[in-house]
Amino acid sequence: MKGIKIIGTGKYAPENIVTNDDLAKKVETSHDWIVTRTGIEQRHIAADNQATSDLCVPAAQNALSDAGITADDLDLIIVATLSPDKPFPNTATILQRKIGAMKAACFSIEAACTGFVYAMEVASSMVRCGNYKYALVIGAEKLSSQVNWSDRNTCVLFGDGAGAAVIESVDEKDNTLLNSILASDGTHEELLHTAIGGSATPATADNLEDPGRYLQMQGREVFKLAVTNMANSVKKALEEVNLSVDDIDWLIPHQANVRIISAVGDKVGIASEKVFVNVQKYGNTSAATIPIALDELARSGELKRGQILVFVAFGGGFTWGATVLKY
Ligand code: ACO
């Protein structure tokens, strides 16, 4: 059995920044309402000609250069996204062509906002088996293509972006992945979903105007389930490897909303200065929030090698999970 180590990170957020005041010109909302309820002050929105794979390209290139390897070195690319370029082929193969990583096996994972945590587990398991030396794991979303821009309940929450991590296969004794737990509960599908556009209900000329073509959410129910399951995941993932919350140096929670993040922090019992928060700048970028935050924290110099780092996420499905790393 091999070990894994994150040797490089990267991110990309589109240039176009949309503020809460900008949104207040489109729907009946206000900067105060959005900040008070969510903590979000702005979000980055992709250009019409930027697909999710185009957001991945600079994030991937940043991470590769940080890792000191080239695209040609990659054996594996996994892209976690709920907003793929096309229904198929998968976004990772499109990215592969764009960055020239022609030796890599490529596929995508859809686990909504938990996508990066799922992708890390899958990539780590593959690398630990010994067949892959370098893996690129990306969380990327163009959620602006999924959101109903006339629905104030949802459009104020989301943004576009991509975050990337390069994983290297290392000796077992140098392994940095201490634990990873994943979970799902498919009984609440309709609390957070896009009803139309898949094989169950294909998009047709007749449902062109149906709100079901866009992401829909029962915000209060999602809030409660997110807090409970994220907090329990952190506790369980630590307990299983005999660590306590006091051992955590950094918690990177999925950046959906500052109220969810602080409620999770309170339930876990962690000091707020150890909880990384950047949702005010990006909004909820679903699978991209954790790798974007990881890159910001790593490049700030505050995340040191050997520190205990925990990721935790919750998203549509529902899916949730936590990763414990000795960074
Ligand atoms: N601006 C102004 N008013 C609004 C807006 C808006 N953007 N959106 C909703 N309102 C109104 C509602 O219409 C409602 O008005 P009413 O009382 O006249 O009916 C009122 O504000 C309160 O609405 P609620 O939905 O009850 O507001 P709540 O306090 O629950 O906040 C929110 C809504 C922010 C969505 C909250 O439920 C939440 O954070 N949920 C978590 C959802 C989330 O973050 N999901 C992301 C995807 S899942 C994930 O990533 C974990």
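Everything below is about the structure printed above this text.
Everything quoted here is computed from the prediction, not taken from an experiment.

S.K.: Teacher, can you tell me more about the site of the ligand here?
M.R.: In the neighbourhood of the ligand, 21 residues make up the surrounding shell, with Thr-29, Arg-37, Arg-220, His-254 and Asn-257 lying closest. The contact in question runs from an oxygen atom of the ligand to an N or O atom on the side chain of Asn-257, over 2.4 Å. The separation between an oxygen atom of the ligand and a polar side-chain atom of Asn-284 is 3.0 Å. Across the complex, the protein chains shield 77% of the 1000 Å² of accessible surface that the ligand would expose by itself. Ranked by residue count, the leading element in the shell around the ligand is helix H7 (residues 219-239), at four residues. Looking at the shell around the ligand residue by residue, the classes come out as 10 nonpolar, seven polar and four charged.

S.K.: Help me understand the pairing of strand S6 (residues 134-142), please; the structure alone is not making it clear to me.
M.R.: Every other side chain in a regular strand lies on the same face of the sheet, so the side chains alternate between the two faces. Along S6, nine of the nine residues are buried, which leaves the element largely enclosed by surrounding structure. Burial along S6 is two-sided: the residues Tyr-134, Leu-136, Ile-138, Ala-140 and Lys-142 and Ala-135, Val-137, Gly-139 and Glu-141 are all buried. Strand direction decides the pairing type here: strand S4 (residues 76-80) and S6, joined by five bridges, are parallel. When the sheet's bridge partners are listed, Ile-77 is paired in S6 with Leu-136. Relative to strand S7 (residues 160-170), S6 is paired through nine bridges, and the arrangement is antiparallel. Within the sheet, the bridge partner assigned to Ala-140 lies in S7 and is Ala-162.

About the thresholds
Residues numbered from 1 in each chain as written. Predicted model: local features only at pLDDT ≥ 70, side-chain atom pairs only at ≥ 80, totals over all residues. Heavy atoms only, no water. Near = heavy atom within 4 Å. Polar contact = N/O pair within 3.5 Å; in protein donor to acceptor, adjacent residues only side chain to side chain. Areas by Shrake-Rupley, 256 points an atom, 1.4 Å probe, with all protein chains shown as cover. Helix = DSSP H or I, 4+ residues; strand = E, 2+ residues; numbered from the N terminus. Nonpolar A, V, L, I, M, F, W, Y, C, P; charged D, E, K, R; others polar. Buried < 20%, exposed > 50% of the residue type's maximum accessible area, 1.4 Å probe, protein only. Pairing = 2+ DSSP bridges.

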